[in-house]
Amino acid sequence: MLEKAIKGSALYWIWLLVLLAVIGVGFGAYLQQLDQGLSVTALNRDVSWGLYIAQLTFLVGVAASAVMMVIPMYLHNHKAFARMLILGEFMAVATIIMCLLFVVVDLGQPQRLWNVVLYPTPSSVLFWDMVVLNGYLFLNILIGWVTLQAERKRVGPPKWIKPFIYISIPWAISIHTVTAFLYAGLPGRDFWLTASMAPSFLASAFAAGPALLILLAFAVKIFAKWDPGREAIQSLAKIVTYALAAYLFLIGCKIFTAGYSMVPDKLAHWQYLYFGLEGHTMLSGFMWASTAAGVAALLILLFPKNRQADNILAFACVLVLISTWIEKGMGLITAGFVPTPMKEVLTYAPSGPEILITLGIYGIGFLIITVLWKVGIGVRREIEAT
Amino acid sequence: MKNSRRKFIKFAGMAALGWSICPSLAGARSGPRQSADRLRAERWAMVIDSEKLNDELMDKCIEACHKLHNVPDIPNDQNIKWIWKEPFYNLFHDQSHGYLKDKKSIPFLSLCNHCDNPPCVRVCPTQATFSRDDGIVLMDFHRCIGCRFCMAGCPYGSRSFNYFNPRNFLDDDQLVHDYPTREMGVVEKCEFCAHLLDQGDMPACVEASEGAILFGDLNDPNSDVRKVLRERYSLVRKPKLGTDPQVYYLI
Ligand code: SF4
Ligand code: SF4
Ligand code: SF4
């Protein structure tokens, strides 16, 4: 099947070259980081996690989108997703690989990563995060590959794969839950110390993941001239709408708890995010943009007419991604650290190398998506041509 | 279990210590003295007397600690601190009010609390941070992967990460060869001078404090620390978090 990855149009190859260039630059920056340590980042004694861990958090969410098709298809026999499911599974593979890479580039001693396996520590949520992320990666590669191969041979997927498909449903939930628990279980980090962390991770995940999938499906329609199916996209759009509403609702709940109780330890983080504290206002513009984008997207998506117009749907999906990316990729991590345990306020803005490394990893992710989707769509085309 | 692990760590630590400071010394030194007068306790604790401490004394304590442990002086926010000065308000903001005017800005010493229920130990994915039987929370610099989960987990900002190679900020002539220098990418913090205790000596900051810092066994009702905690009013940082800090502040 892999031979399909090496037969492509000029456009396909140019796109791959662009991605390779981005990856190359990122890799160069990573070599610099390996040489000079994390001193090349803007992380510091107080904000000790930043852009990398924030991307892990955001992408874990995106990785789950596959499950939003698996549930309707396998539990409710909703066949509209049959054509597209493989794309969701391959997207999950790419995003989980990105997540793992973000963990690795964040380590001070990456060559010792194996210590997590040598000295397994069940009390550490990071240990469990590694377990569930790797497990989810394995499940999606296995399921994606086996079902695609079966389709190619024009037979149904083998029976033994079914249990794996069912396991992948709770497993997808677990990757967000465990990632949320990285933060939600830390005493003294009041911004994160809330039971709503895991639910709000799930909600933003089920909004962002399918939104990205819809956008990529449109891209495929335009560039690869292959239509993943209108009904599938419409179903995804409904999922985005529900999840987005839940995501905004949960943010509102958190703000109410902090704002109405006026407990300073809780409130200060939200003030920092939306208004800035002691002159540190860098995030506030982004946060208002995030909220505005989320609300606007919801207002658009609520109306079925809007969802049915491809252009408007695509625009709303872009808004959803902007909203969730700012919230997870910028706000959530920094605001957990600021104000610091000593009640100091500071600004964290990622450094040049940090940004380049991040872009490089996104480049790797898009490369994997491109190649895997090429294979998946190639197989689908073959089947449909006969 | 815990005991054998402790022995192993000590053995590994010693081996690494000799080797990493100066390979040529490895043969000459067989690790720290294992003297019979090793100081033992069931639960080590520190009591800092804010009445007796002054600015000058605090600087002495800080210098003694940072010198002994080869803590580099890095002039930016990616710095390393084992013990440092922090205004009362920043340490005890949950236990202060607006009219504590004069106390508010008074500097206090801040260091790792060697919590009895330490979140840093709980979250570490490699057990590079661990609790000894006597309550000291220690680091294995050779196991730490530099994930910094422990820094997010510590509610007191007690931990520092080596963003830089610390050796670039240390003066070769000033190095103390009894303690290893660290490498880039690992976390470090106050260790209650565990290696000094094992040699029969008190922690460096205690020695430098001219009696303003007490150190002793909390499980011994007759120890200095227990006596003074009985007699005077004391605070610990953020008691509501349940970490059970073991650095007490007399005020
Ligand atoms: S003060 Fe922080 S680093 Fe020290 S034991 Fe407590 S949680 Fe761990
Ligand atoms: S940085 Fe080192 S000590 Fe801290 S949690 Fe990670 S492995 Fe453990
Ligand atoms: S107990 Fe030892 S390591 Fe801790 S601050 Fe004092 S001198 Fe430094």
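Source: prediction; values computed, not measured.

Each value, and the rule that gives it
- Residues numbered from 1 in each chain as written.
- Chains lettered and ligands numbered in written order.
- Predicted model: local features only at pLDDT ≥ 70, side-chain atom pairs only at ≥ 80, totals over all residues.
- Heavy atoms only, no water.
- Helix = DSSP H or I, 4+ residues; strand = E, 2+ residues; numbered from the N terminus.
- Buried < 20%, exposed > 50% of the residue type's maximum accessible area, 1.4 Å probe, protein only.
- Contact = heavy atoms within 4.5 Å.
- Areas by Shrake-Rupley, 256 points an atom, 1.4 Å probe, with all protein chains shown as cover.
- Buried area = accessible area lost by both parts, 1.4 Å probe.
- Salt bridge = Lys/Arg side-chain N within 4 Å of Asp/Glu carboxyl O.
- Polar contact = N/O pair within 3.5 Å; in protein donor to acceptor, adjacent residues only side chain to side chain.
- Phe/Tyr/Trp six-rings, centres within 6.5 Å; stacked < 30°, edge-to-face > 60°.
- Lys NZ or Arg CZ within 6 Å of the ring centre and 35° of its normal.
- Near = heavy atom within 4 Å.
- Nonpolar A, V, L, I, M, F, W, Y, C, P; charged D, E, K, R; others polar.
- Core = buried A, V, L, I, M, F, W, Y, C linked by side-chain atoms within 4.5 Å.
- Expected span 1.5 Å × (residues − 1).
- Bend = angle between axes of the 7 residues up to and from the residue.
- Pairing = 2+ DSSP bridges.
- Axes fitted to C-alpha atoms, helices over the stretch in contact; angles between N-to-C directions.
- Lys, Arg positive; Asp, Glu negative; His and termini not counted.
- Disulfide = S-S within 2.5 Å.

Caption draft 1: Representation of the overall build of chain B within the structure. Scanning chain B for helices and strands turns up 10 helices and 10 strands. Relative to its full complement of 251 residues, chain B shows a buried share of 58%. If you take every contact in chain B between residues at least 6 apart in sequence, the share linking residues at least 24 apart comes to 68%. Here chain B displays about 10,800 Å² of accessible surface, and carbon together with sulfur accounts for 53% of that area.

Caption draft 2: Representation of the overall build of chain A in the model. Each helix and strand counted, chain A has 14 helices and 0 strands in total. Seen in sequence order, chain A has helices and strands lined up from the N terminus as α-α-α-α-α-α-α-α-α-α-α-α-α-α. Along the longest, intermediate and shortest principal axes, the C-alpha atoms of chain A span 70 × 50 × 40 Å. The buried share of chain A, reckoned over its 386 residues, is 60%. When contacts within chain A are restricted to residue pairs at least 6 apart in sequence, those whose partners lie at least 24 apart make up 79%.

Caption draft 3: Structural detail: the interface of chain A and chain B. With 42 residues of chain A at the interface, the matching set in chain B holds 48 residues. Interface of chain A and chain B: buried area, both sides summed, is about 3,600 Å²; carbon and sulfur atoms make up 53% of it. Broken down residue by residue, the surface that chain A buries against chain B is led by R45(A), R112(A) and M342(A), which jointly contribute 23%. At the junction of chain A with chain B, the criterion picks out 2 salt bridges. Where chain A touches chain B, the interface holds 32 residue pairs in polar contact (both at pLDDT 80 or more). Secondary-structure elements contributing two or more residues to the side of chain A that touches chain B are α1 (10-36), α5 (115-118) and α6 (125-152) of chain A.

Caption draft 4: The packing of aromatic side chains, seen in detail. Enumeration according to the criterion identifies 26 aromatic pairs over all chains in this entry. Taken together, the aromatic side chains of W49(A), Y183(A), W192(A), F201(A), F337(A) and F149(B) make up a single cluster linked through ring pairs. In this structure, K328(A) is placed above the aromatic ring of F201(A), and the distance from its NZ or CZ to the ring centre is 4.9 Å. Against the face of F161(B) rests R148(B), its NZ or CZ located 4.9 Å from the ring centre.

Caption draft 5: Region of interest: the site of ligand 3. The local shell around ligand 3 holds 13 residues, among which C65(B), H69(B), C190(B), C193(B) and C205(B) are the closest. Its residues assigned to classes, the shell around ligand 3 shows 11 nonpolar, 1 polar and 1 charged.

Caption draft 6: Representation of the site of ligand 1 within the structure. Contacts to ligand 1 come from 14 residues, most closely from C112(B), N113(B), C115(B), C120(B) and C154(B). Within the shell around ligand 1, the residues separate by chemical class into 9 nonpolar, 3 polar and 2 charged.

Caption draft 7: The arrangement of the nonpolar core in detail. Counting residues in hydrophobic clusters, the biggest one holds 205 residues, and the most contacted among them are W192(A), W373(A) and M46(B). When residues of this core are assigned to their parent elements, the largest contribution, 17 residues, is made by helix α8 (residues 197-223) of chain A. Here W373(A) is in contact with L87(A), F90(A), M91(A), L213(A), L216(A), A217(A), V220(A) and G378(A), once residues within four sequence places are set aside.

Caption draft 8: Structural context of helix α13 (residues 310-337) of chain A. Residues and elements named next belong to chain A. Between its first and last C-alpha atoms α13 spans 40 Å; for 28 residues at 1.5 Å apiece the expected length is 40 Å, and the two agree. Along α13, the sharpest change in direction is near 40° and occurs at G331. The buried fraction of α13 amounts to 21 of the 28 residues, a majority that puts the element mostly inside the structure.

Caption draft 9: Local environment of the pairing of strand β1 (residues 44-49) of chain B. Residues and elements named next belong to chain B. When you tally the buried positions in β1, you get 6 out of 6 residues, the bulk of the element. Here β1 shows two buried faces, one formed by W44, M46 and I48 and the other by A45, V47 and D49. One ladder, built from 5 bridges, connects β1 with strand β8 (residues 213-217); its direction is antiparallel. Looking at β8, one finds that V47 is bridged to L214. Sheet topology note: the β1/strand β10 (residues 247-250) ladder contains 4 bridges and is parallel. Across the sheet, the residue bridging to I48 is Y249, located in β10.

Caption draft 10: Spatial organisation of the sheet that holds strand β9 (residues 234-235) of chain B. Residues and elements named next belong to chain B. What the 4 strands build is an open sheet, ordered β8-β1-β10-β9; its pairing is mixed. The open sheet terminates on both sides in strands that have one partner only, identified here as β8 and β9. On the sheet, helix α10 (residues 224-231) packs against β1, β8, β9 and β10 and is oriented at approximately 115° with respect to β8.

Caption draft 11: Up close: the pattern of salt bridges. Taken as a whole and judged by the stated rule, the model has 19 salt bridges over all chains. Its salt-bridge partner being R230(A), residue D310(A) comes within 3.5 Å of it at the nearest N-O pair. Of this pair, D310(A) sits in helix α13 while R230(A) sits in helix α9 (residues 230-261); the two residues are 80 residues apart in sequence, bridging distant segments of the chain. Overall, D310(A) belongs to the partly exposed group, its relative accessible area being 25%. Across the pair K60(B) and E210(B) runs a salt bridge, and its minimum N-O distance is 3.2 Å.

Caption draft 12: Seen up close, unusual backbone geometry. Residue and element names in this part refer to chain A. A cis geometry characterises the amide bond from V338 onward to P339, with omega recorded as -5°. For P339, the position within the fold is in the loop between α13 and α14 (352-385). In the Ramachandran plot, M262 falls in the positive-phi region, its phi being about 55° despite a non-glycine side chain. Within the element layout of this structure, M262 appears in the loop between α9 and α10 (264-274).

Caption draft 13: Local environment of the environment of M342(A). Locating M342(A) in the fold gives a position in the loop between α13 and α14. In this structure, the C-alpha to C-alpha distance between M342(A) and D46(A), residues 296 residues apart in sequence, is 9.4 Å. In this structure M342(A) touches W84(B), E86(B), N90(B), L91(B), S110(B), Y156(B) and R237(B), once residues within four positions along its chain are discounted.

Caption draft 14: Layout of the side chain of R45(A). For R45(A), the location among the structural elements is in the loop between α1 and α2 (51-63). In this structure R45(A) is buried but unpaired, with D46(A) as the nearest side chain of opposite charge at 4.9 Å. For R45(A), the side chain forms a polar contact with the side chain of S160(B), separated by 2.9 Å.

Caption draft 15: Expanded view of the state of the cysteines. Under the defined criterion, the tally for this structure stands at 0 disulfides over all chains. Free of any disulfide, C99(A) has its nearest cysteine sulfur in C147(B), 16 Å distant.

Caption draft 16: Main features of α10(A). All names here are of chain A. With 8 of its 11 residues buried, α10 lies for the most part within the structure. Looking only at α10, the buried set comprises D265, L267, A268, H269, W270, Y272, L273 and Y274. Tucked into the core, α10 has its buried residues touching α9, α11 (282-301) and α13. Positioned one or two residues after α10, G276 has a phi angle of 80°, which is positive.

The values are spatial; any link to function lies outside them.
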